[in-house]
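An overview of the molecular structure
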Amino acid sequence: QKKENNMGKDTVDKVKLFKQLKEDLKSENDSIRKAAKNRLYDELIGFVGKIINEHFSTYKSEYYEEMIHEAWIGIMENIEDYDPEYSKPTTWAYYPIVHQVSIFVNTISNNTSTHHSLRMKEVKNCIEAFKKRGQTPTVSEISNYTGISVRCVEEEMSRINFTMTSSLESCP
């Protein structure tokens, strides 16, 4: 009761709604589960669109429907982790949406995973830092600079070269 006094009526209503939706998603009755999924979708689709516009606008014109689908997968795969007493639905949904859509974007843009995409970025940033000083780094220097093992630096450089080659081949 005390927590409800600190929240607005709209928030309290959302908490109650999402508590019920979470229970309905576990129902053995297909029509109840389907209705809950549809209502969950209706409640979060505006938020999903906002996240895509804010974080993935570069890909929006070409992949909007796919990103909506990926966001929905993230929501449904993680709905069990949501505790309506702990956070608002949008606070909880933010991470699964961004995470799942990021995986999709990394796959289409870099032909790689988020992990390798971040490592490729570290290697590229290191190379740029050396270039600003008029130097071309060796694999060992990149390894020392980034803290990534020599073997992994070599793998990431191969991915970078593959990605650049693929990008250039797609240009007319």
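Just above, that's the structure.
Here we summarise the structure given alongside this text. (Residues numbered from 1 in each chain as written. Predicted model: local features only at pLDDT ≥ 70, side-chain atom pairs only at ≥ 80, totals over all residues. Heavy atoms only, no water.)

**What to know about the overall build of the protein chain**
Filter applied, for reference: In DSSP terms, a helix is any run of H or I states spanning at least four residues, a strand is any run of E spanning at least two, and both are numbered starting from the N terminus. When checking whether two residues touch, look at their non-hydrogen atoms; a contact exists if any pair is within 4.5 Å. Note on areas: Shrake-Rupley with a 1.4 Å probe; residue coverage comes only from the protein chains shown.
Along its length, the protein chain carries eight helices and zero strands. Mapped from its N terminus to its C terminus, the protein chain presents α and β elements in the order α-α-α-α-α-α-α-α. Residue pairs at least 24 apart in sequence account for 56% of intrachain contacts in the protein chain once pairs closer than 6 positions are excluded. When the accessible surface of the protein chain is summed, it comes to about 11,100 Å², and 50% of that surface belongs to carbon and sulfur atoms.

**Re helix H7 (residues 139-146)**
Counted only if it meets this: Type-normalised accessible area, obtained with a 1.4 Å probe on protein chains alone, sets the label of each residue: buried when under 20%, exposed when over 50%, and partly exposed for intermediate values. Within this analysis, the arc is defined by the directions that extend from the helix axis to the C-beta atoms.
Regarding H7, the residues found buried are Ile142, Ser143 and Thr146. All buried residues of H7 project into a common sector of 100 degrees when viewed along the axis, lining one side. Residue Gly147 follows H7 closely and has a positive phi angle near 80 degrees.

**Description of the packing of aromatic side chains**
Heads up, the condition is: Stacked, edge-to-face and tilted labels apply to pairs of Phe, Tyr and Trp rings (six-membered ring for Trp) whose centres lie within 6.5 Å, assigned for plane angles under 30 degrees, over 60, and everything in between, in that order.
Throughout the structure, instances matching the rule amount to five aromatic pairs. Ring geometry for Phe18 and Tyr82: centres 6.0 Å apart, planes at 85 degrees, overall edge-to-face. Taken as a pair, Phe18 in helix H2 (residues 9-24) and Tyr82 in the loop between helix H4 (57-78) and helix H5 (89-110) lie far apart in primary sequence, 64 residues in all. A single burial state applies to Phe18 and to Tyr82, both of which are buried. With a centroid separation of 5.4 Å and 80 degrees between ring planes, the pair formed by Tyr41 and Trp72 is classed as edge-to-face. Of this pair, Tyr41 sits in helix H3 (residues 30-55) while Trp72 sits in helix H4, and the two are 31 residues apart along the sequence.

**A word on the pattern of salt bridges**
The following threshold applies: One side-chain nitrogen of Lys or Arg within 4 Å of one carboxyl oxygen of Asp or Glu is enough to make a salt bridge.
Scanning the entire structure with this criterion turns up seven salt bridges. Between Glu85 and Lys19 there is a salt bridge, with its nearest N and O atoms 2.2 Å apart. One end of the pair, Glu85, is in the loop between H4 and H5; the other, Lys19, is in helix H2, with 66 residues separating them in the sequence. Its relative accessible area of 38% is what places Glu85 among the partly exposed residues. Counted as one network, the salt bridges with shared partners bring together Lys14, Arg39 and Glu43.

**Some points on the nonpolar core**
Convention followed: Each nonpolar core is a collection of buried residues, namely Ala, Val, Leu, Ile, Met, Phe, Trp, Tyr and Cys, held together in the definition by side-chain atoms within 4.5 Å.
Core analysis: the biggest nonpolar cluster contains 25 residues, and Leu40, Val48, Phe56, Met67, Ile75, Ile97 and Val101 have the highest contact counts within it. Val123, Cys126, Ile148 and Val153 belong to the second largest nonpolar core, which has ten residues in total.

**Re the packing of H3 against H4**
In plain terms, the rule: Fitted lines through C-alpha atoms serve as axes, helices being fitted only where they are in contact, and the angles separating the N-to-C directions of these axes extend from 0 to 180 degrees. Throughout, the term roughly parallel applies to angles under 35 degrees, roughly antiparallel to angles over 145, roughly perpendicular to angles from 65 to 115, and oblique to all others. What makes a crossing left-handed is the near helix being turned counterclockwise from the far one by less than a right angle; a clockwise turn instead makes it right-handed.
Axis separation between H3 and H4 bottoms out at 9 Å; the angle between their running directions is 140 degrees. Regarding the angle of H3 to H4, the classification is oblique. Where H3 crosses over H4, the two elements pack in a sense that is right-handed. The residues of H4 that touch H3, namely those facing Lys37, Leu40, Tyr41, Leu44, Ile45, Val48, Gly49, Ile52, Asn53 and His55, are Ser57, Lys60, Tyr64, Met67, Ile68, Ala71, Trp72, Ile75 and Met76.

**Observations regarding the environment of Glu122**
Inspection of the secondary structure assignment puts Glu122 in helix H6 (residues 114-132). Residue class for Glu122 comes out partly exposed when judged on its relative accessible area of 35%. As for Glu122 and Glu156, which are separated by 34 residues in sequence, their C-alpha atoms are 9.5 Å apart. Beyond its immediate stretch of four places on either side in the chain, Glu122 contacts Thr146 and Ile148.

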